[in-house]
Amino acid sequence: LGGESKADFLECMRKGILREETENAVLPGLSGGIADAKHTRKIMTEAPVLIVVLNSNGKNPFEAVDIESRFTEIFDTLSIGASIENMLLKADELGLGTLWIANTCYAYEELTEYLGTNKQLVGAIALGYADEEPQQRPRKAMEDIVEYRL
């Protein structure tokens with residue numbers, strides 16, 4: 001998305017975040033992430049291009065699905081994550097900055113309605129030339145997150 005369609009998309013995201021701040025929240029247990037979603041939206045506003053990521057086999061996360069469909073979604077989401085990572089690595093190789101966005105969940109219904117899709121909205125990618133090079137965030141040591149078994 002770019003230009004006017006990007007602006008419309010971001011307006012839908014603003015409305016969804018605002019809804020989540022009210023008594024009409026559909027994700028009240030995730031309210032702690034609203035500040036981050038607002039910051040993410042600001043970055044999305046500054047990026048010249050947004051790539052919207054959909055799972056064509058996925059269902060709306062607010063709908064019940066059978067167990068086979070749930071596993072299909074999980075399998076597809078793993079593949080989609082690998083695809084996104086490959087896009088981010090290529091963008092970096094080309095000197096572009098990116099942000100992998102999951103905060104679209106705060107405006108899920110507004111965004112899918114705007115897109116006119118019943119496919120599962122997985123997230124988005126902001127793409128452009130970075131105006132900063134933040135330091136790498138602290139990482140946990142491998143031995144703290146990996147368990148080796150023989």
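Per chain, residue numbering runs from 1 following the sequence as it is written. The predicted nature of this model means local features are confined to residues of pLDDT at least 70 and side-chain atom pairs, given and counted, to a pLDDT of 80 or more, with totals for whole chains, interfaces and linings taken over all residues. Side-chain metrics rest on all non-hydrogen atoms present in the structure, leaving aside hydrogens and water.

Caption draft 1: Region of the structure containing the sheet that holds strand β2 (residues 97–101). DSSP-based pairing: two strands are paired if at least 2 bridges between them are found. Think of it this way: any DSSP run of H or I at least four residues long counts as a helix, any run of E at least two long counts as a strand, and we number them from the N terminus. In space, the three strands of this open sheet follow the order β1-β3-β2, with antiparallel pairing throughout. The two strands at the open ends of the sheet, each matched to only one other strand, are β1 (49–55) and β2. For this sheet, the mean angle separating the axes of adjacent strands, direction not counted, is 20°. Bridge count between β2 and strand β3 (residues 120–128): five bridges; the pairing is antiparallel. Paired with L99 across the strands is A126, a residue of β3. For helices, the axis comes from a line fit to the C-alpha atoms of the stretch in contact; other axes are also lines fit to C-alpha atoms, and the angle between any two N-to-C directions lies between 0 and 180 degrees.

Caption draft 2: Inspection of the packing of aromatic side chains at higher detail. Any two of the Phe, Tyr and Trp rings considered here, Trp counted by its six-membered ring, make a pair once their centres fall within 6.5 Å; the pair's planes then place it as stacked at under 30 degrees, edge-to-face at over 60, or tilted in between. Going through the model one piece at a time under the given rule, you end up with three aromatic pairs. Note on F9 and Y114: the rings are 6.5 Å apart at their centroids and 65° apart in plane angle, and the pair reads as edge-to-face. Of the two residues, F9 is situated in helix α1 (residues 3–20) and Y114 in helix α4 (residues 108–115); the sequence distance between them amounts to 105 residues. A ring pair is formed by F71 and F75, whose centres lie 6.1 Å apart and whose planes are at 40°; its orientation type is tilted. Taken together, the residues F71 and F75, both in helix α3 (residues 67–93) and four residues apart, mark about one turn of the helix.

Caption draft 3: Highlighting the pattern of salt bridges. A side-chain nitrogen of Lys or Arg and a carboxyl oxygen of Asp or Glu constitute a salt bridge if their distance falls within 4 Å. Considering all chains together, one arrives at eight salt bridges under this definition. A salt bridge links R14 to E11; the nearest nitrogen and oxygen atoms lie 2.7 Å apart. Separated by three residues within a single helix, R14 and E11 lie in helix α1, roughly one turn from each other. Burial classification: accessible surface area is computed with a 1.4 Å probe over protein chains only, and a residue below 20% of its type maximum counts as buried, one above 50% as exposed, and the rest as partly exposed. For R14, a relative accessible area of 36% translates into the label partly exposed. Ionic pairing is found between K42 and E46, a salt bridge with its closest N-O pair at 2.7 Å. Note that K42 and E46 are positioned in helix α2 (residues 34–46) at a spacing of four residues, about one turn of the helix.

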